[in-house]
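Each chain, letter by letter, is given below.
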Amino acid sequence: GENVEQHPSTLSVQEGDSAVIKCTYSDSASNYFPWYKQELGKRPQLIIDIRSNVGEKKDQRIAVTLNKTAKHFSLHITETQPEDSAVYFCAASKGYGNKLVFGAGTILRVKS
Amino acid sequence: SAVISQKPSRDICQRGTSLTIQCQVDSQVTMMFWYRQQPGQSLTLIATANQGSEATYESGFVIDKFPISRPNLTFSTLTVSNMSPEDSSIYLCSVGGGRDEKLFFGSGTQLSVL
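Everything numeric in this text was worked out from a predicted model, so none of it was measured.

*Asks:* Break down the overall build of chain A for me, citing the residues and quoting the values.
*Replies:* When helices and strands are tallied, chain A shows 0 helices and 11 strands. Its C-alpha atoms give chain A a radius of gyration of 13 Å, within 12% of the compact-globule value 13 Å for 112 residues. Principal axes of the C-alpha set define a box for chain A whose edges measure 40 × 30 × 20 Å. The 112 residues of chain A split such that 45% are buried. When contacts within chain A are restricted to residue pairs at least 6 apart in sequence, long-range pairs at least 24 apart make up 54% of them. Split by element, the accessible area of chain A, about 5,600 Å² in all, is 45% carbon and sulfur. Charge centroids of chain A, computed over 14 positive and 12 negative side chains, lie 5 Å from each other.

Shown next, in the form of structure tokens:
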């Protein structure tokens, strides 16, 4: 089955700097790649997603890139702010109706 | 996105007892899933709740331990049976089934087993 690896497990950045989190997946049939943000004690929130027919997607300070050949995708956060501090999870699925397989998570700390 | 209500939000239970968690959605959804998130860990899929038929369980999870019901397209329950301290986790329902693959999570149930 699908396996998703996520790195790094923790990431500390200075406010205003950029943060990059990387994930690799094993199943070439996977075609949907969402990212979730989970603040302490709260539910995971979908922040951005990308499908395999697209190489990059942006939403304000957040962007996701996908390399299908290498089977990896990344989350980029620019101009980080303290409120970006949270745990970020990547995930992969084979699309509509299929389960999401999650990475192990990255604890992002933005220092002010 | 749909409004997903999950209850209870937290509970403390005794070893050997069972707890039923409810997930209610304000609109009909095709897909409902149950996830477990152990302390400081990622999300692991327990099962897919199928409307009108038996749930589909992932490897390592069995119906006798985690019976699931889904009587309609807006409601599902997960029961954690014969609990042990190892069952202490956050349990989350997740729903999807719009015109895309997006999945959204309920607020979770934090379970502690003594």
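From this point, things continue past the structure.
*Asks:* Lay out the interface of chain B and chain A with the relevant residues and their values.
*Replies:* Each partner contributes to the interface: chain B provides 22 residues, whereas chain A provides 18 residues. Roughly 1,700 Å² of surface becomes buried between chain B and chain A when both sides are summed, with 56% attributable to carbon and sulfur atoms. Run the count over chain B and chain A and you get 2 salt bridges. Between Lys102(B) and Asp49(A) there is a salt bridge; the shortest N-O distance is 2.6 Å. For the interface between chain B and chain A, the tally reads 7 residue pairs in polar contact (both at pLDDT 80 or more). Mapped onto the side of chain B that touches chain A, the elements with two or more residues apiece are β4 (31-37), β5 (43-49) and β10 (104-105) of chain B. Among the elements that take part in the side of chain B that touches chain A, β4(B) stands out by supplying 4 residues, more than any other. Grouping the amino acids of the side of chain B that touches chain A by side-chain chemistry returns 10 nonpolar, 8 polar and 4 charged.

*Asks:* Hey, could you go over the pairing of strand β11 (residues 106-111) of chain A for me, with residue numbers and the actual values?
*Replies:* Regular strands have side chains that alternate between both faces of the sheet. All names here are of chain A. Alternating positions in β11 separate cleanly, Thr106, Leu108 and Val110 being buried on one face and Ile107, Arg109 and Lys111 remaining unburied on the opposite face. Looking at chain direction, strand β2 (residues 10-14) and β11 are connected through 5 bridges and run parallel. When the bridges of β11 are listed, Ser12 appears paired with Arg109. Bridge count for strand β9 (residues 86-92) against β11 is 3 bridges, and the pairing is antiparallel. Its bridge partner being in β11, Ala86 is matched across the sheet by Leu108.

*Asks:* Go over the side chain of Gln37(B) with me, naming the residues and quoting the values.
*Replies:* Mapped onto the fold, Gln37(B) is located in strand β4. Setting aside its immediate chain neighbours within four residues, Gln37(B) contacts Gln38(A), Phe89(A), Ser42(B), Leu43(B), Ser89(B), Ile90(B) and Leu92(B).

*Asks:* Got a sec to walk through the sheet that holds strand β6 (residues 56-59) of chain A? Specific residues and values, please.
*Replies:* Residue and element names in this part refer to chain A. Overall, antiparallel pairing links the 5 strands, which are arranged β1-β3-β8-β7-β6 in an open sheet. Where the open sheet ends on each side, the last strands, each with one partner, are β1 (4-7) and β6. Strand-to-strand twist of the sheet, defined as the mean angle between neighbouring strand axes without regard to direction, takes the value 15°. Sheet analysis places β6 next to strand β7 (residues 62-67), joined by 4 bridges and oriented antiparallel. Counterpart to Asp59 in the pairing with β7 is Ile62.

*Asks:* Could you give an account of the state of the cysteines, naming the residues involved and the relevant values?
*Replies:* This model, assessed by the stated rule, comprises 2 disulfides over all chains. Between the sulfur atoms of Cys23(A) and its disulfide partner Cys90(A) the distance amounts to 1.9 Å. Here Cys23(A) and Cys90(A) share a disulfide; its torsion about the S-S bond, -100°, makes the bridge left-handed. Note that Cys23(A) is positioned in strand β3 (residues 19-25) and Cys90(A) in strand β9, a separation of 67 residues in sequence. On the basis of relative accessibility, which here comes to 0%, the residue Cys90(A) falls in the buried class. The structure places no disulfide on Cys13(B), whose sulfur is separated from the nearest cysteine sulfur, that of Cys93(B), by 18 Å.

The rules we used
- Residues numbered from 1 in each chain as written.
- Chains lettered and ligands numbered in written order.
- Predicted model: local features only at pLDDT ≥ 70, side-chain atom pairs only at ≥ 80, totals over all residues.
- Heavy atoms only, no water.
- Helix = DSSP H or I, 4+ residues; strand = E, 2+ residues; numbered from the N terminus.
- Rg over C-alpha atoms; globule rule 2.2 N^0.38 Å.
- Buried < 20%, exposed > 50% of the residue type's maximum accessible area, 1.4 Å probe, protein only.
- Contact = heavy atoms within 4.5 Å.
- Areas by Shrake-Rupley, 256 points an atom, 1.4 Å probe, with all protein chains shown as cover.
- Lys, Arg positive; Asp, Glu negative; His and termini not counted.
- Charge placed at Lys NZ, Arg CZ, Asp CG, Glu CD.
- Buried area = accessible area lost by both parts, 1.4 Å probe.
- Salt bridge = Lys/Arg side-chain N within 4 Å of Asp/Glu carboxyl O.
- Polar contact = N/O pair within 3.5 Å; in protein donor to acceptor, adjacent residues only side chain to side chain.
- Nonpolar A, V, L, I, M, F, W, Y, C, P; charged D, E, K, R; others polar.
- Pairing = 2+ DSSP bridges.
- Axes fitted to C-alpha atoms, helices over the stretch in contact; angles between N-to-C directions.
- Disulfide = S-S within 2.5 Å.

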